[in-house]
Amino acid sequence: MASLTKKENSPYWFCCFTAPDGTRTKRSTKQTDKDKALLVCREYEKAASDAKKLVLTENQAKKVISDIKEKVLPRVEVVQKNIVERPPYTSPLLNSKIPTGPIEEKWNKHKFDLKLVNPANKRKYEVIVVGSGLAGASAAASLAELGYNVNCFCYQDSPRRAHSIAAQGGINAAKNYQNDGDSVYRLFYDTVKGGDYRSREANVYRLAQVSVNIIDQCAAQGVPFAREYGGLLANRSFGGAQVSRTFYARGQTGQQLLLGAYSALSRQIGLGKVKMHTRTELLDVVLVDGQAKGIVVRNMVTGEISRHSAHAVVLATGGYGNVFYLSTNAMGCNVTATHRAYKRGAAFANPCYTQIHPTCIPVSGDHQSKLTLMSESLRNDGRVWVPKSPSISEKIRNGELQPSNVPEAERDYYLERKYPSFGNLVPRDVASRNSKEVCDEGRGVVSSGLGVYLDFSDSINRMGEAAVRERYGNLFDMYEKITGSNAYQNPMTIYPAVHYTMGGLWVDYNLMSNVPGLFAIGEANFSDHGANRLGASALMQGLADGYFVLPYTIGEYLAESGWGDCPDIESSEFLDAEKAVRNRINKLLSIKGKRTPTSFHRELGKIMWENCGMSRNESGLKSAISKLSELREEFWGNLNVPGEKESLNQSLELAGRVSDFLEFGQLMCRDALQREESCGGHFREEHSTPEGEAKRDDENFAFVGAWEHKGDGNEPVLHKEALEYEEVKMTQRSYK
Amino acid sequence: MAITGVGLFGFIIAHLLGNLLVFAGPAALNEYAKKLHDLGPLLWVARLGLLGMVGLHIWSAIKLTAANKQAREVPYKSDVLPVDGHRRDDIAVKFAARTMIFSGLIIVAFAFYHLAHYTWKVPQINGIHDDFETYYVQADMVTSANFTEGEQGKNPVDVYRMVVTGFKVPWVTGFYVISVALLCIHLSHGLSAMLQTLGIKNKNTEKWVDKGAVIFATLLFLGYISIPLSIIFEFVKLK
Amino acid sequence: MGKLLNLKLRVWRQDNAEDSGRFEEYDAKGVDTDMSFLEMLDVVNEDLLEDGKEPIAFDSDCREGICGTCSMVINGTPHGGQKGTTACQLHMRQFSDGMTITIEPWRASAFPVQRDLVVNRSAFDRIQQSGGFISVRSGSVPDANATPVAKEDADLAMDAAQCIGCGACVAACKNASAMLFVAAKLSHLSLVPQGQPERERRALAMVQKMDEEGFGSCTVTGSCEAVCPKEISLDFIARMNREYGMALIRKGTV
């Protein structure tokens, strides 16, 4: 029976009803009037029970959803508008399994409710972990500590080299060691707000809760965090946060945390509980009876293809930023694992959410292979500007004028001008978009025209070169190494670059995808950052998933599915998957065309960056989708991969990755096209305020968009998971 | 290496201090020599200890070198000079460090000769027709009561005369000077490496330790060569 | 855009671990001085591909000098000789027009060549697995501030912990010794209070494993420190020697 409740900090009535999967669910009615709320609530329940009775196909689910709209429409005039514009009900494919109860209690309650695996039985289970970054290494180690047998795979030559290692800034945790008013709730609130209200409240709250344990864990592993003279941990404020909650180890926090997780993993490898497979790349996920039960991999040294079975498969394979060719990701980062999982039936959520970092070193030429990030902290003391007139910029680009000779009156400190209260410290997405804007106006300053100044001369005049050197010396050195220019004398040049991808495999509260037995953790899933990630939160999420969430939640699935024999790797499912993998490799090698994998990757990146990068519009996205089809066709007709499959063949590896990126890029564009609003890292030109700021549409787009693959050649299907904000009130971000 | 190195280093200092008595005249040197000989069994303990240490030092050096060769079975193939003008092995390696095994081997050869010359008194090894076995302390050199005149075939030997006669031969002195030079080069790295191995040398003390090792090795060198050179140039001669 | 250079490359080519290998010469024309060294190789590889030849296999991943994947001896010096710089961060403005550049893989018995410039450094992983950790289970730990760490110790531990495990120390050492790598890890863990309980066990296990893996020994030549892209100090080797010596005595092995 449906009932209404009210919460202290929300103006809306909440409806409690039984969801299609039988769980008691609470959902906001978005109504302040109790009677209207009751009407809406009854419809919720009816829809749920209808949905439950039907064995839902996706079309039927759609019908249920549209039925609700139709039924509600004629009956309640006043409610009508709200109902029509409410996001459609969550697809039955996407049961988020968010526990009931107050947000503070959800995780604890859930941990208690989760089924446990008897300690003596844990050793009967096999788990595959793909990836050895923060999430993968910490999960593999923690699972092995619990007693599970783990097989861990990575494409690098050592698990210590995963790209988590390159994170510089730090890791957030709600420790409140600085006594400045931080709390779990505040970190939760900041993360939801920072994610532009496109993340799941319950997940984010859990993330904030376990953040505290992460720091304890890492300190116990011997991670040399920065300390104060008293011996206690030091903190800094990061990414515009109002409190100092970021823990750090010089500019190498990611490295130190990863080495901590790697040491825990190494210990388990030494003990024989984890078997590590390095230089081994996942090429397919194997499903048996609709459940993920194994993978097919290629040994990158010998070219050997092998099948591995397990009771569950965990993907910790990172993000897909390299779809843009140029990004701050490592050369090897790829989408293959999650894309293959998607093609096997796992829903891919929010692929259009990508984070563009504003302070990277600009591209220097066509040879550029990757981009290098400069810490965001530089914006604390550097001032961003470009010349006011394009003609001056042109002179600078041609080398006829030095930036120091541009008079003050001719400089446009555009961030300070447009956002007087935040100035140069506006969030990443805002800073990035503005850089693009001024460069599009022809005011960019490096030879490519894609760069703006980050000028320290005022800071040097104010506090002296020595003070600047003390704060940023290593960054200035790195800048000089790469560009050959001395940033103490000339202003730095920076330009935005792809940095992180918030989208990923759709997962429920247990971090399991819609394919039973297939888990995704870290950057590979979509769950915690919404449409935009806060600085110093990526490390937090990776480790939270690996150390403190997955080891509990995987037990539920394993306990339910039992420890019976792992599926036989000689079974038809495995043999078919291997055959498909072999065919694909043979095909790549047999095309013998003219173009190199890199040239396709570069072209793909250009299409994506221009149409699905910092700002997107309908026509651009549509043209990108058709261009990508053409490019894919050319790829499969004109690719040139020399060498053999039974050897170390880096061209072959790259070709395989690029082929997946080509397919995946289209999915990103589709998702960006579907999301007719601007939120976080996703900016649609059609949906902006007259001043050009992002305009969110909470009425219609407060949902997770998860795509289901429907076979090659068919359009994928969008499923929606409605996002309910019970704790945090949605507001428009403003940095004016 | 370091531990045996410490022992050998101790011997080298003691040996020098003893030998510098040559400047104090024949009596002092011979008295010192006799005292050493009078130690009897203790002298043999010292000799065996020293021999053992030399043996261990060489044995570990050979073992180390072999193991180190094993650690790079396939050597670098390129023979280019890097930009900074060093061979690849010597990115920071000084001459001394690179040549430890060679300087060591030459020193061993010299030590044998030196022993044959003065301890075993092999006749005519120095090329002069004079047998050291016949050098005994003469009555006029006796200075103290318990120091008696030598007899044929018995101690005390006239070490002073032996030393002076021996180093009168230019090539003996030449070989000696070269060997001592090598020894001191060996030591200049050995000392600093030893202190590094033991952790006494670190970034704070590095400058001092390295300088100290070179100064010390140079002092040893000067001390040792002062004896034969003084003899050759007749600052020290037979009375 | 920077200046353009024309260079001659002599690159070690080896089809697999069994192959004896050889140098091959390539022309690198119109190399932009703004390129990184690896980007220069990328361009050469693209040209090779277009000629239907197999590109030069070399390791690289993050290309920002932190993952430790890139590994090549450039003109006789691991990582190319710019102080504190990995090969991926070395830029072509360090070279001059007309130069011949010789590129070889790391050479050490413990790092067998797998192909061209790619070597197998799993020996480092095995040393780490023998004891390079603090044994704590996820979750069973005290509050992070319950154990204060003197700032000086934390800073020194961080100096050691910066090691990226690239293996340049081994490549540069005339004895192919891994002492700097092992010393960095041991020093890091023995400098923090959390690492004390296992201190001796760790020192014995890691040093023993290092010897088993076939690395040479330290003769204090200092070339490891000179090429280390993270400029890790030789002093840590002394610390390791003390650590190992004390462990031998305390554990009664000597």
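Residues numbered from 1 in each chain as written. Chains lettered and ligands numbered in written order. Predicted model: local features only at pLDDT ≥ 70, side-chain atom pairs only at ≥ 80, totals over all residues. Heavy atoms only, no water.

## Section: the overall build of chain A
And then number 1: Check the secondary structure of chain A and you find 20 helices and 22 strands.
And then number 2: Against the 2.2 N^0.38 benchmark of 27 Å for 736 residues, chain A shows a C-alpha radius of gyration of 26 Å, consistent with a compact globule.
And then number 3: Seen along its three principal axes, the alpha-carbon backbone of chain A occupies a region of about 75 × 70 × 60 Å.
And then number 4: Relative to its 736 residues, chain A shows a buried fraction of 64%.
And then number 5: Distance between charge centres in chain A, computed from 92 positive and 88 negative side chains, equals 2 Å. (Helix = DSSP H or I, 4+ residues; strand = E, 2+ residues; numbered from the N terminus. Rg over C-alpha atoms; globule rule 2.2 N^0.38 Å. Buried < 20%, exposed > 50% of the residue type's maximum accessible area, 1.4 Å probe, protein only. Lys, Arg positive; Asp, Glu negative; His and termini not counted. Charge placed at Lys NZ, Arg CZ, Asp CG, Glu CD.)

## A look at the interface of chain C and chain B
And then number 1: Taken together, the contacts link 42 residues of chain C with 31 residues of chain B.
And then number 2: Counting the surface chain C buries against chain B, the share from its top three residues, C:Arg107, C:Lys174 and C:Val220, is 20%.
And then number 3: Viewed at the interface, chain B and chain C are joined by 0 salt bridges.
And then number 4: The tally of links between chain C and chain B comes to 15 residue pairs in polar contact (both at pLDDT 80 or more).
And then number 5: Elements with a minimum of two residues in the side of chain C that touches chain B: β1 (4–13), β4 (77–78), β5 (100–104), α4 (168–172), α7 (223–227) and α8 (235–250) of chain C. (Contact = heavy atoms within 4.5 Å. Buried area = accessible area lost by both parts, 1.4 Å probe. Salt bridge = Lys/Arg side-chain N within 4 Å of Asp/Glu carboxyl O. Polar contact = N/O pair within 3.5 Å; in protein donor to acceptor, adjacent residues only side chain to side chain.)

## What to know about the nonpolar core
And then number 1: Grouped together as the largest cluster of nonpolar side chains are 242 residues, with contacts concentrated most on A:Ile171, A:Leu518 and C:Phe215.
And then number 2: If sequence neighbours within four positions are ignored, A:Leu518 has contacts with A:Val285, A:Ala292, A:Val313, A:Leu315, A:Ala341, A:Ala346, A:Leu505, A:Leu511, A:Met512 and A:Ser513.
And then number 3: With 39 residues, the next largest nonpolar core counts B:Phe167, B:Val172, B:Ala213 and B:Leu220 among its residues. (Core = buried A, V, L, I, M, F, W, Y, C linked by side-chain atoms within 4.5 Å.)

## So, the sheet that holds β1(C)
Residue and element names in this part refer to chain C.
And then number 1: The 5 strands lie next to each other as β2-β1-β5-β3-β4, forming an open sheet whose pairing is mixed. A strand with exactly one partner marks an edge of an open sheet, and here the two such strands are β2 (22–32) and β4.
And then number 2: Pairing between β1 and β2: 9 bridges, direction antiparallel. What sits directly across from Leu5, in β2, is Val31.
And then number 3: On the sheet, helix α1 (residues 37–50) packs against β1, β2, β3 (73–74) and β5 and is oriented at approximately 105° with respect to β2. (Pairing = 2+ DSSP bridges. Axes fitted to C-alpha atoms, helices over the stretch in contact; angles between N-to-C directions.)

## A few points about the domain arrangement of chain A
All names here are of chain A.
And then number 1: What the domain assignment reports for chain A is domain 1 (3–109), domain 2 (117–353 + 502–561), domain 3 (357–497) and domain 4 (591–701).
And then number 2: Taking only C-alpha atoms into account, the centre of domain 3 sits 28 Å from that of domain 4.
And then number 3: For the pair domain 3 and domain 4, the summed buried surface comes to about 790 Å²; carbon and sulfur atoms form 56% of the total.
And then number 4: Linking domain 3 with domain 4 are 1 residue pair in polar contact (both at pLDDT 80 or more), by the criterion used here. (Domains from an automatic or database assignment.)

## Considerations on the interface of chain A and chain C
And then number 1: Each side of the interface is counted separately: chain A has 76 residues, and chain C has 76 residues.
And then number 2: Considering only the side of chain A, the residues that lose the most area to chain C are A:Arg161, A:His367 and A:Lys481, jointly responsible for 12% of the buried surface there.
And then number 3: On the surface where chain A and chain C come into contact, there are 5 salt bridges.
And then number 4: Between A:Asp157 and C:Arg121 there is a salt bridge, with its nearest N and O atoms 3.1 Å apart.
And then number 5: At the boundary of chain A and chain C, one finds 48 residue pairs in polar contact (both at pLDDT 80 or more).
And then number 6: Of all elements in the fold, only α6 (134–146), α8 (201–220), α9 (253–270), α14 (457–483), α15 (538–561), α17 (597–612) and α19 (650–674) of chain A reach the threshold of two or more residues within the side of chain A that touches chain C.
And then number 7: Ranked by residues supplied to the side of chain A that touches chain C, first place goes to α9(A) with 9 residues.
And then number 8: Grouping the constituent residues of the side of chain A that touches chain C by class yields 28 nonpolar, 34 polar and 14 charged. (Nonpolar A, V, L, I, M, F, W, Y, C, P; charged D, E, K, R; others polar.)

## What about the confidence of the model for chain A?
And then number 1: For chain A, mean pLDDT is 91; residues scoring 70 or higher make up 95% of the total.
And then number 2: Note that residues 71–86 of chain A has pLDDT below 50 and, in this model, 27 contacts with residues that lie over four places away or in other chains. (pLDDT = per-residue confidence, 0-100.)

## Some remarks on the pattern of salt bridges
Residue and element names in this part refer to chain A.
And then number 1: Summed over the entire model, instances satisfying the criterion amount to 72 salt bridges over all chains.
And then number 2: With a shortest N-O distance of 2.5 Å, Asp216 and Lys175 are connected by a salt bridge. One end of the pair, Asp216, is in helix α8; the other, Lys175, is in the loop between β6 (171–172) and α7 (184–194), with 41 residues separating them in the sequence. No difference in accessibility class separates Asp216 from Lys175, as the two residues are buried.
And then number 3: The partner of Arg657 in a salt bridge is Glu281, and the shortest N-O contact between them spans 2.7 Å. In this pair, Arg657 is assigned in helix α19 and Glu281 in strand β9 (residues 280–288), connecting sequence segments 376 residues apart.
And then number 4: Taken together, the salt bridges that share partners define one network made up of Asp196, Arg198, Arg675, Glu677, Arg696 and Asp698.

## Brief notes about the domain arrangement of chain C
Residue and element names in this part refer to chain C.
And then number 1: When cut into domains, chain C gives domain 1 (4–115) and domain 2 (122–250).
And then number 2: On a C-alpha basis, the centroid separation for the pair domain 1 and domain 2 is 29 Å.
And then number 3: Listed as interface residues are 16 residues of domain 1 and, on the opposing side, 18 residues of domain 2.
And then number 4: Both faces combined, the contact of domain 1 with domain 2 buries some 1300 Å², and carbon together with sulfur accounts for 66% of it.
And then number 5: For domain 1, the biggest contributors to the area lost against domain 2 are Pro78, Ala110 and Phe111; these three give 34% of the whole.
And then number 6: Along the contact surface separating domain 1 from domain 2 lie 1 salt bridge.
And then number 7: Where Glu231 meets Lys83, a salt bridge forms, and the shortest distance between an N and an O atom there is 3.2 Å.

## A word on the pairing of β1(C)
Residue and element names in this part refer to chain C.
And then number 1: Within β1, 7 of the 10 residues are buried, leaving the element largely enclosed by the surrounding structure.
And then number 2: Pairing analysis gives 4 bridges linking β1 to β5, with the strands arranged parallel. Bridging across to β5, Val11 finds its partner in Ile103.

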